[in-house]
Amino acid sequence: MIHYLIADHPEPSWGTGMLYEHVRLLRELGHDASVLHHRAPYRPAWRELEVPVRYLEDLDEPGAAPSPADVVVVPEVLAASEAVRRHAWRRVIFVQGSFLIVGGLHGFPDYPALGYEAAMAVLPHVAHVVERHFGLPAEVVPPYVAPYFFAAEPRPRERRVLFVKKEGYRLAGVPDGEIAEVLLRKEIGRRPGWSLVPLVGRTHREVAELMQTSLFLVNVNSHEAFNTTVPEAMAAGCVPVCYEAGGGRDFLRDAENAVVFPNQQVYALVERVCDLMDRLGEHGPLLERLRAGGRETAASFRPESTAAALDRFFSRFKP
């Protein structure tokens, strides 16, 4: 059996969502897979679950301990979990963010020191980091963009700028989100007909709807791998203006599929957004090129690719 350990995390996150999607895809492929949460009766309020859920505390019941042949898949932030270490199952690490690896290790030098025998990584650059610095060869199991972000037909676009920031960056001493939001509110307030809409408090499908009718997405996350809202905006035809972040090198191309800045260049990024708004007509050919390139990039992140990579990876664990 394959167990996917997932934090009891109440905030919507497509990174967390991909863990549920892995389980769903594996079951469709014929694998015996389930989600493993920490404490009953936790279930995420922000998404429906189509997969079986078990709880770590259940595994301590008599006769319920996992078999040594069972596989547990652990996200990098939970790598050193004591609950994982106390069972004699086969351990797989799934790394979605290379900047989170060291914190997840809690002082251990690498993944073999914690008993991990195999690794999955969300993108090629993350696989390189795992192999070069943390002791395991890693297979790329790519994420995918939810199909409902791809509009069947072009839709009229409003003069709307969507905005993404993560609270964790401010707490970590990276103030770009606060700076960008203050500046964008001031600049957009000076431009009649334009609006700034932070992407908070909305379902995933509501975000898709907004992206399909908005002109730009501003994302100032600087330490992400997939940085999900960027490829989602590409799929929806909403031009991303963003940082290269930690993983952009794998799929971001400035002036081809997005407007891309080096990390922490927040003032230059805001000035570019102002230029795009002020010369919207003049930039028409550029925006069409970015939409076409972005859609092509987003289309390369499909469920079929994720499913095929998962099937290849888990074939090693079959009897």
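So, a few notes on the structure that sits alongside this text. Please read all numbers here as calculations on a predicted model, not as lab measurements.

So, on to the packing of helix H6 (residues 176-189) against helix H9 (residues 266-278). Running from amino to carboxyl end, H6 crosses H9 at an angle of 25°, the nearest separation of the two axes being 10 Å. Comparing the axis directions of H6 and H9 gives the class roughly parallel. In terms of crossing hand, the pair formed by H6 and H9 is right-handed. Where H6 approaches H9, its residues Asp-176, Ile-179, Ala-180, Leu-183, Leu-184, Glu-187 and Ile-188 are matched on the opposing element by Val-266, Tyr-267, Val-270, Val-273, Cys-274 and Met-277. Split into classes, the residues belonging to the contact of H6 with H9 amount to 11 nonpolar, no polar and 2 charged.

Among the 8 residues in helix H8 (residues 229-236), 8 count as buried, and that is most of the element. The set of residues buried in H8 consists of Thr-229, Val-230, Pro-231, Glu-232, Ala-233, Met-234, Ala-235 and Ala-236. Tucked inside the fold, the buried residues of H8 contact helix H1 (14-28), strand E8 (158-164), helix H7 (204-212), strand E10 (214-219), strand E11 (239-243) and helix H10 (284-299). Positive backbone phi, approximately 80°, marks Gly-237, located one or two places after H8.

Considering the arrangement of structural elements, one finds His-22 in helix H1. Given a relative accessible area of 1%, His-22 falls into the buried group. Leaving out residues up to four positions away in the same chain, His-22 has contacts with Tyr-4, Phe-94, Met-120, Val-141, Thr-306 and Leu-310.

When you line up the elements, Asn-257 lands in the loop between E11 and strand E12 (259-261). For Asn-257, a relative accessible area of 3% puts it in the buried group. In terms of polar contacts, Asn-257 uses its side chain to reach the side chain of Thr-297, at 2.9 Å. Beyond its immediate chain neighbours, meaning those up to four positions away, Asn-257 contacts Met-234, Pro-240, Phe-251, Leu-252, Leu-290, Gly-293, Gly-294 and Thr-297.

So, about the pattern of salt bridges. What the rule picks out here adds up to 21 salt bridges. With a shortest N-O distance of 3.2 Å, Arg-185 and Glu-181 are connected by a salt bridge. One end of the pair, Arg-185, and the other, Glu-181, are both in helix H6, 4 residues apart, so they sit about a helical turn from each other. Owing to a relative accessible area of 15%, Glu-181 belongs among the buried residues under this scheme. Where Glu-187 meets Arg-191, a salt bridge forms, and the shortest distance between an N and an O atom there is 2.9 Å. On the accessibility criterion, Arg-191 (15% relative accessible area) is buried. Several salt bridges share partner residues, and in doing so they unite Glu-21, Arg-24, Glu-28 and Glu-50 into one network.

Each value, and the rule that gives it
- Residues numbered from 1 in each chain as written.
- Predicted model: local features only at pLDDT ≥ 70, side-chain atom pairs only at ≥ 80, totals over all residues.
- Heavy atoms only, no water.
- Axes fitted to C-alpha atoms, helices over the stretch in contact; angles between N-to-C directions.
- Helix = DSSP H or I, 4+ residues; strand = E, 2+ residues; numbered from the N terminus.
- Parallel < 35°, antiparallel > 145°, perpendicular 65-115°, else oblique.
- Left-handed = near helix turned anticlockwise from the far one by under 90°.
- Contact = heavy atoms within 4.5 Å.
- Nonpolar A, V, L, I, M, F, W, Y, C, P; charged D, E, K, R; others polar.
- Buried < 20%, exposed > 50% of the residue type's maximum accessible area, 1.4 Å probe, protein only.
- Polar contact = N/O pair within 3.5 Å; in protein donor to acceptor, adjacent residues only side chain to side chain.
- Salt bridge = Lys/Arg side-chain N within 4 Å of Asp/Glu carboxyl O.

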